[in-house]
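# Working through the structure, step by step
So the chains spell out like this:
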Amino acid sequence: MLHATHEQIKLVGNKIGLNTEEIERILEVDAHHEFDIILKNGQKHKAFRIQHSDARGPYKGGIRFHPDVDSDEVKALATLMSLKTAAVNIPLGGAKGGVRVDPKMLNLKELEELSRKYVQKLAPHIGPNKDIPAPDVNTDPRIIDWMVDEYSRISGDTTRGSFTGKSIDGGGSEGRDAATGRGGVIVLSEYLRLKGMSGKKVSYAIQGFGNVGSFFGLVAAKEQKNWRMLAATDSSGGIYEKNSLWPSELEDFKKSGGRLRDYGIGQKINNDELVSANVDVLVLAALGSVVNESNAHLVKAKIVLELANGPVDDKAHKLLEARGVIVIPDILANAGGVIVSYLEWLQNLNQEHWTINKVNKQLNSLLKEAVINIFDRSVSSKMNIKEAALAVAMERILMAR
Ligand code: NAD
């Protein structure tokens, strides 16, 4: 992943005429924190926080608890965070953290101990004006609330702006849970508008009807009257229904513990069939590299929206581009989450709590501006949208670094 991230940056850097020294300045990591967390039960877990760049504002990025966490992956994700915050022009940098642990093997007390000890080790290097972590894979508002409490105890900070993704009672923002899915709807609808396709009928399929995917469907059903969801899957597979599926009904079914392939309406499909669904837009909201060299030729959609991180690998991207399929890249398509994190941090620093309408309005305007900017760049520089997003982000980082 680190190699692929660096190669992408070098490729776009060369396209926009950056020299080797400038590309190295973008790749450089500010700080690498690596330490062991030892729990009372004797378990030892390797932990990381990699701060890529704070040139544009305090470091920002999630903390994941996962057995596969390693330093190169965290470094790549930290770099991608700097690119994402720069691409959508919010005044934050990029970082990422992780603990090599399977949280399912810990009881609640051990999970809290791990979360608090992570903060104890990192406290000198984080804080509302230095580095503002957030949840990521297997970390949630409850864990973040423990972390904020630990940081406040150590530092005396009372703003609660040291982390985002908190519970609402703990200082979190309205709209954070839906932000990434909502952001995907805003980005797609703005892209269609710029292509002169507003108001046209749009059919779509969602791979990964989880948090991000389901909110994409729910927001789209409410706010985009001409869009229809024809297929959706989770890890079990899913369903295709040519006359349209209702996201709210699917959501209720999932909440009651159902697996989408048992939904009862429509035709059962597996995840390979979802990728080749006959729809206008393929929404990828599950995992990385699900569209690759082996299945890119099966994609029938004209637009692929990357809500997960890196669901279309580089080889597949080239194959899709050669067939005229547009890929709207993750650093733009899924940036709604980090934008509302930024809004949460602003609310904390100003001791405010905004209404959902105010949060959504700000999200809307920041994302639309980012889409317009990146779209214009892709036209003026004859680049695809991913290259244009990276170009805009890299130039902003370079200017500040
Ligand atoms: P989630 O765990 O809530 O949902 C993931 C969904 O994908 C689940 O429905 C799961 O069943 C499904 N899934 C798992 N394996 C699958 C497979 N092989 N094929 C099809 N579906 C599969 O996670 P989430 O928070 O919705 O995140 C989804 C993706 O978006 C992740 O890649 C995440 O890194 C990325 N992302 C999330 C956020 C956020 O704010 N949550 C922000 C940026 C990026």
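Look a little higher up for the structure.
Quick look at the structure, then. (Residues numbered from 1 in each chain as written. Predicted model: local features only at pLDDT ≥ 70, side-chain atom pairs only at ≥ 80, totals over all residues. Heavy atoms only, no water.)

The pairing of strand β1 (residues 31-38) with strand β2 (residues 44-53) spans 8 bridges and is classified as antiparallel. Pairing of His-33 across the sheet is with Arg-49, part of β2. Linkage of β1 to β2, two consecutive antiparallel strands, is achieved through a turn of 5 residues, within which Gly-42 is found at a positive phi near 95 degrees. (Pairing = 2+ DSSP bridges. Helix = DSSP H or I, 4+ residues; strand = E, 2+ residues; numbered from the N terminus.)

To continue, consider the side chain of Gln-224. With respect to the helices and strands, the residue Gln-224 is situated in the loop between α7 (211-223) and β7 (227-234). Filtering out sequence-adjacent residues up to four positions away, Gln-224 remains in contact with Val-185, Ser-189 and Val-219. (Contact = heavy atoms within 4.5 Å.)

Time to look at the site of the ligand. With respect to spatial proximity, 18 residues lie near the ligand, and among them Thr-180, Asn-211, Val-212, Ser-235 and Asn-271 are the closest. Gly-210 is positioned such that a nitrogen or oxygen atom in its backbone is 3.3 Å from an oxygen atom of the ligand. Taking Ala-286, its main chain carries an N or O atom lying 3.0 Å from an oxygen atom of the ligand. Contact with the protein chains hides 69% of the accessible area of the ligand, taken as 830 Å² for the molecule alone. (Near = heavy atom within 4 Å. Polar contact = N/O pair within 3.5 Å; in protein donor to acceptor, adjacent residues only side chain to side chain. Areas by Shrake-Rupley, 256 points an atom, 1.4 Å probe, with all protein chains shown as cover.)

Moving on: the sheet that holds strand β12 (residues 326-328). Reading across the sheet, the 7 strands line up as β9-β8-β7-β6-β10-β11-β12 and stay open at both edges, with mixed pairing between neighbours. With partners counted over all chains shown, the strands left at the sheet margins are β9 (267-269) and β12, one partner each. Each neighbouring strand pair of the sheet contributes to a mean axis angle of 20 degrees, computed without reference to strand direction. Pairing analysis gives 3 bridges linking strand β8 (residues 237-245) to β9, with the strands arranged antiparallel. Opposite Tyr-240, over in β9, you have Gln-267 as the bridge partner. Contacting β6 (202-207), β7 and β8, helix α8 (residues 247-255) crosses the sheet at an angle of about 20 degrees to β7. (Axes fitted to C-alpha atoms, helices over the stretch in contact; angles between N-to-C directions.)

Here we take up the environment of Tyr-151. Residue placement: Tyr-151 occurs in helix α5 (residues 141-155). The class for Tyr-151 is buried, based on a relative accessible area of 8%. (Buried < 20%, exposed > 50% of the residue type's maximum accessible area, 1.4 Å probe, protein only.)

By themselves these figures say nothing about function.
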